[in-house]
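As a plain string of letters, each chain reads:
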Amino acid sequence: MSRRVRVPAAPPTVNGRIILSFLFSAAGAVGFAVTYGLGGQTQWEGACLGVAFAGLATGLAIWGRRLVPVGGYVEEHEGFTPPPAEQALTAAVFTAPDSPIRRRGLLATLGLALTALGVAGLFPLRSLLPWDRTGPVRARRDTPWGPGVRLLTVDGRPLRPADVPAGTVVGVFPEGGTEAGDAPAFAVRLQPERFSRPPSAGHLAGLVVYSLLCTHAGCPVRLYLKGTGRLLCPCHQSSFDLFADAAPVAGPAARPLPGLPIEVGPDGYLRASGDFTTPPGAGFWSRR
């Protein structure tokens, strides 16, 4: 006569704790996705991911310790066929309505938590799309410079054309974006008749503006050889010819310094009329 084996049902509180843990995990994943979608904040994103993974781990740990039969089983070498009682117990674990692996509420919340984490993981990938304004692809190309942005000196004063005497390099920053790492530039006044290659960004009676970041490794190019039109990078000795549209003439740099188109605004101050002609900084990303 076969004997029906019944798997003991878990207390309702155990199921509730597992479901609550998985719901916390799903809420954390949703919180991460919302925070990232609204612009991102590193601390909150980390906290949400911590809640998501902690909830998932807690729920699985409780499930494994309280619902899945564990430990204490010893089988002798002789007789590899399990006794009928053990076979019935195994069958009950997989088929009984109150079996731990057939509890629909637990499986549903586990699926919800895993789905939410999977969807949340797709949000950072969205930033790699070219049209995402917050992603690295757009960030590499766009800077705080743009039409109408005034040029500021190091001490925050607006710059007039007369503030850039001949043979002097003046560091400039965009108004409202002085803290951006790709924003530093410099203005210098040259003799237009000495241009061997016209500046791609144009000039105002010889006044030109270029990015301050070397196109080799992003170091600031600050050593100006007055009279020669050469600008040197102190890091790896790249040299740029400002009379030839800041083309590299020595050193490891292989790309000209990006130019910034400028104009004089109605208030008499210098303003940008667009962004840099090419992305500023290190050019390793553009190699083919």
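Notes on the structure in this doc start here. (Residues numbered from 1 in each chain as written. Predicted model: local features only at pLDDT ≥ 70, side-chain atom pairs only at ≥ 80, totals over all residues. Heavy atoms only, no water.)

### Considerations on the overall build of the protein chain
Line of reasoning, step 1. The helix and strand tally for the protein chain stands at 5 helices and 10 strands.
Line of reasoning, step 2. Out of the 288 residues belonging to the protein chain, those deemed buried represent 41%.
Line of reasoning, step 3. In the protein chain, of all internal contacts separated by at least 6 residues, the share reaching a separation of at least 24 is 55%.
Line of reasoning, step 4. Summing over all exposed atoms, the protein chain offers an accessible surface of approximately 16,200 Å²; the carbon and sulfur share of this is 62%. (Helix = DSSP H or I, 4+ residues; strand = E, 2+ residues; numbered from the N terminus. Buried < 20%, exposed > 50% of the residue type's maximum accessible area, 1.4 Å probe, protein only. Contact = heavy atoms within 4.5 Å. Areas by Shrake-Rupley, 256 points an atom, 1.4 Å probe, with all protein chains shown as cover.)

### Observations concerning the state of the cysteines
Line of reasoning, step 1. Under the criterion given, the structure shown has 1 disulfide.
Line of reasoning, step 2. Through a disulfide, cysteine 219 is tied to cysteine 235; the S-S separation comes to 2.5 Å. Residues cysteine 219 and cysteine 235 share a disulfide whose torsion about the S-S bond is about -110°; that sign makes it left-handed. Note that cysteine 219 is positioned in the loop between β4 (207-211) and β5 (223-225) and cysteine 235 in the loop between β6 (230-232) and β7 (239-241), a separation of 16 residues in sequence. (Disulfide = S-S within 2.5 Å.)

### Topic: the packing of aromatic side chains
Line of reasoning, step 1. Taken as a whole, this structure holds 5 aromatic pairs when the rule is applied.
Line of reasoning, step 2. When the centroid spacing of 6.3 Å and the interplanar angle of 50° are considered together, the rings of phenylalanine 22 and tryptophan 63 count as tilted. Remark: tryptophan 63 occurs in helix α2 (residues 42-66) and phenylalanine 22 occurs in helix α1 (residues 12-37); sequence separation between them is 41 residues. An identical accessibility class is assigned to phenylalanine 22 and tryptophan 63; each is buried.
Line of reasoning, step 3. Between phenylalanine 195 and phenylalanine 243 the ring centres are 6.3 Å apart and the planes differ by 55°, which places this aromatic pair in the tilted class. With a gap of 48 residues between them, phenylalanine 195 in the loop between β3 (185-189) and β4 and phenylalanine 243 in the loop between β7 and β8 (247-250) connect regions that are remote in the sequence.
Line of reasoning, step 4. By relative accessible area, phenylalanine 195 is classed as buried at 16%.
Line of reasoning, step 5. By relative accessible area, which is 6% here, phenylalanine 243 ends up buried.
Line of reasoning, step 6. When the ring centre of tyrosine 269 is taken as reference, the NZ or CZ atom of arginine 150 above it lies at 5.3 Å.
Line of reasoning, step 7. Arginine 160 extends its terminal NZ or CZ atom over the ring of tyrosine 269, reaching a point 4.1 Å from the ring centre. (Phe/Tyr/Trp six-rings, centres within 6.5 Å; stacked < 30°, edge-to-face > 60°. Lys NZ or Arg CZ within 6 Å of the ring centre and 35° of its normal.)

### Concerning the environment of glutamine 191
Line of reasoning, step 1. As for its placement among the helices and strands, glutamine 191 is situated in the loop between β3 and β4.
Line of reasoning, step 2. When the C-alpha positions of glutamine 191 and glycine 167 are compared, they lie 9.4 Å apart, and in sequence the two are 24 residues distant.

### Here we look at the sheet that holds strand β1 (residues 151-152)
Line of reasoning, step 1. Read from one edge of the open sheet, 4 strands run β1-β2-β3-β4, paired in antiparallel fashion. The open sheet terminates on both sides in strands that have one partner only, identified here as β1 and β4. (Pairing = 2+ DSSP bridges.)

### Let's talk about a nonpolar patch on the surface
Line of reasoning, step 1. The grouping of Leu20, Phe24 and Val51 at the surface amounts to a nonpolar patch, some 270 Å² of accessible area in total.
Line of reasoning, step 2. Mapping phenylalanine 24 onto the fold places it in helix α1. (Patch = residues over 30% accessible without salt bridge, like charges linked within 9 Å, V, L, I, M, F, W, Y side chains within 5 Å. Salt bridge = Lys/Arg side-chain N within 4 Å of Asp/Glu carboxyl O.)

### Remarks on unusual backbone geometry
Line of reasoning, step 1. The backbone phi angle of glutamine 237 is positive, close to 60°, even though this residue is not glycine.
Line of reasoning, step 2. You can see glutamine 237 is positioned in the loop between β6 and β7.

### Quick word on the pattern of salt bridges
Line of reasoning, step 1. Counted under the stated rule, the structure contains 4 salt bridges.
Line of reasoning, step 2. Its salt-bridge partner being arginine 150, residue aspartate 267 comes within 3.4 Å of it at the nearest N-O pair. Note that aspartate 267 is positioned in the loop between β9 (262-264) and β10 (270-272) and arginine 150 in the loop between α5 (136-141) and β1, a separation of 117 residues in sequence.
Line of reasoning, step 3. Where aspartate 267 meets arginine 271, a salt bridge forms, and the shortest distance between an N and an O atom there is 2.9 Å.
Line of reasoning, step 4. In this structure, a network of salt bridges that share partners links the residues Arg150, Glu175, Asp267 and Arg271.

### Considering the sheet that holds β7
Line of reasoning, step 1. Overall, antiparallel pairing links the 4 strands, which are arranged β5-β6-β7-β8 in an open sheet. The open sheet has two free edges, formed respectively by β5 and β8, since each of these has just one partner strand. Across this sheet, the average inter-strand angle for adjacent strands is 30°, counted without regard to direction.
Line of reasoning, step 2. Relative to β6, β5 runs antiparallel, the two being bridged by 3 bridges. When the bridges of β6 are listed, leucine 225 appears paired with arginine 230. (Axes fitted to C-alpha atoms, helices over the stretch in contact; angles between N-to-C directions.)

### What about the pairing of strand β2 (residues 169-174)?
Line of reasoning, step 1. Sheet topology places β1 next to β2; 2 bridges connect them, and they run antiparallel. Within β2, the position partnered with leucine 151 by the bridge is proline 174.
Line of reasoning, step 2. The sheet contact formed by β2 and β3 spans 4 bridges and is antiparallel. Pairing of valine 172 across the sheet is with alanine 185, part of β3.

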